[in-house]
Amino acid sequence: MILLGAIEGGGTKFVCGVGTPDGEVLHRITIPTTTPEETLNQAVDFFAGHGVQAIGIGTFGPLDVDPNSRSYGSVCATPKPHWSGYRVVEHIMRSYNVPIGFDTDVNAAALGEATWGAAAGLDSCLYITVGTGIGAGAISEGNLVHGLTHPEMGHIPMRRHPDDTYEGHCPFHRDCLEGLASGSAIEARWQKKGIELGEEHPAWRIEAHYLAQALVSYLLILSPKKIIMGGGVMKQKLLFPLIRSRLKEMLNGYVQHPFLAVDNEDYIVPPGLGDQAGICGALALASRAWNQRNS
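Residues numbered from 1 in each chain as written. Predicted model: local features only at pLDDT ≥ 70, side-chain atom pairs only at ≥ 80, totals over all residues. Heavy atoms only, no water.

- Taking an unreviewed UniProt entry as the reference, the protein is identified by name as fructokinase belonging to Cohnella cholangitidis.
- The record in UniProt for the protein states the following under Sequence similarities (unreviewed entry): "Belongs to the ROK (NagC/XylR) family."
- What UniProt states about the protein under its Cofactor (unreviewed entry) heading is, verbatim, "Mg(2+)". (UniProt positions renumbered as here; feature names shortened; annotations may be inferred.)

### A closer look at a nonpolar patch on the surface
So, point 1. A cluster of nonpolar side chains, namely Leu220, Ile221, Leu222 and Tyr254, defines an oily patch on the protein surface of about 470 Å² accessible area.
So, point 2. Take Tyr254: it is sitting in the loop between helix H7 (239–251) and helix H8 (258–261).
So, point 3. Relative accessible area serves as the criterion here: at 68%, Tyr254 is assigned to the exposed category. (Patch = residues over 30% accessible without salt bridge, like charges linked within 9 Å, V, L, I, M, F, W, Y side chains within 5 Å. Areas by Shrake-Rupley, 256 points an atom, 1.4 Å probe, with all protein chains shown as cover. Salt bridge = Lys/Arg side-chain N within 4 Å of Asp/Glu carboxyl O. Helix = DSSP H or I, 4+ residues; strand = E, 2+ residues; numbered from the N terminus. Buried < 20%, exposed > 50% of the residue type's maximum accessible area, 1.4 Å probe, protein only.)

### Section: the pattern of salt bridges
So, point 1. Evaluation of the coordinates by the stated rule reveals 9 salt bridges.
So, point 2. Here Asp175 ties to Arg160 by a salt bridge, and the two come within 3.5 Å at their closest N and O atoms. Residue Asp175 is located in the loop between strand S8 (143–144) and helix H4 (177–181), and its partner Arg160 is located in the loop between S8 and H4; the two are separated by 15 residues in the primary sequence.
So, point 3. On the basis of relative accessibility, which here comes to 29%, the residue Asp175 falls in the partly exposed class.

### Thoughts on the domain arrangement of the protein
So, point 1. Assigned domains within the protein: domain 1 (4–104) and domain 2 (118–270).
So, point 2. Averaged C-alpha coordinates put domain 1 and domain 2 at centres separated by 27 Å.
So, point 3. In this complex, domain 1 contributes 6 residues to the contact, which on the side of domain 2 involves 6 residues.
So, point 4. Taking both sides of the interface into account, the surface hidden between domain 1 and domain 2 amounts to around 450 Å²; carbon and sulfur atoms contribute 62%.
So, point 5. The three residues of domain 1 that bury the most area against domain 2 are Val65, Asp103 and Thr104, which together make up 61% of that side's buried surface.
So, point 6. Our count for the contact surface shared by domain 1 and domain 2 stands at 2 residue pairs in polar contact (both at pLDDT 80 or more). (Domains from an automatic or database assignment. Contact = heavy atoms within 4.5 Å. Buried area = accessible area lost by both parts, 1.4 Å probe. Polar contact = N/O pair within 3.5 Å; in protein donor to acceptor, adjacent residues only side chain to side chain.)

Following this line, the structure appears as structure tokens:
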């Protein structure tokens, strides 16, 4: 049996797993995110004895994902202490001479959903996570979307909701999407976590306004065949109908497609893999790396 290693790296925790090429996670642990050396050493120790033949890493960034770059496999400038410039792939390769797939956490989740989840069988999708921050990954014509770097869809500019006077939470742009609609922004704006706000609270209309506005941009540029929305904020299920309705209003009939003509419940959906999207996506990265090495 081929065994693959998977790392889902987050700002507060790393989830490491061992699984199979069909997406089954056999073993997993959760590691607190501290310094790179301490965190990655625990990941390396976890894989010992499992005989993994490839490892997939989907982690927070920004990252250098260009294989031709001298700093490929490293974290770029990040507010997370100690991680800026750290060579993640190099650290893992010191212990494991196996193929390694490396990408952002959201691109990994998009790949997981396209392989085994809500977008299985489709050649394009968008995965957006709305949590402490906001990030999105995309697949187009079967390929993960990269370019000059990797997409940073959580930082696009927003048209403000007319009732919103909050200045914004992003340290770089203040009132970008992440600055206005992330879980951190919700808490800073209302002085309560989203989970503490009632269903009739005005926060959710404002939240749906920003998220739908972002989806309009993504839809018009990337034209994904499925939009998958995950993360802690999206566990507020009332957001899905609000976002779908607002998206339809904002498009105003411009994009003609059956998925958008009625209520788009099958177009804008929660992750089919649930909370496993990230770790399964890392397995998919590992599987791709193994296939490329052995093709």
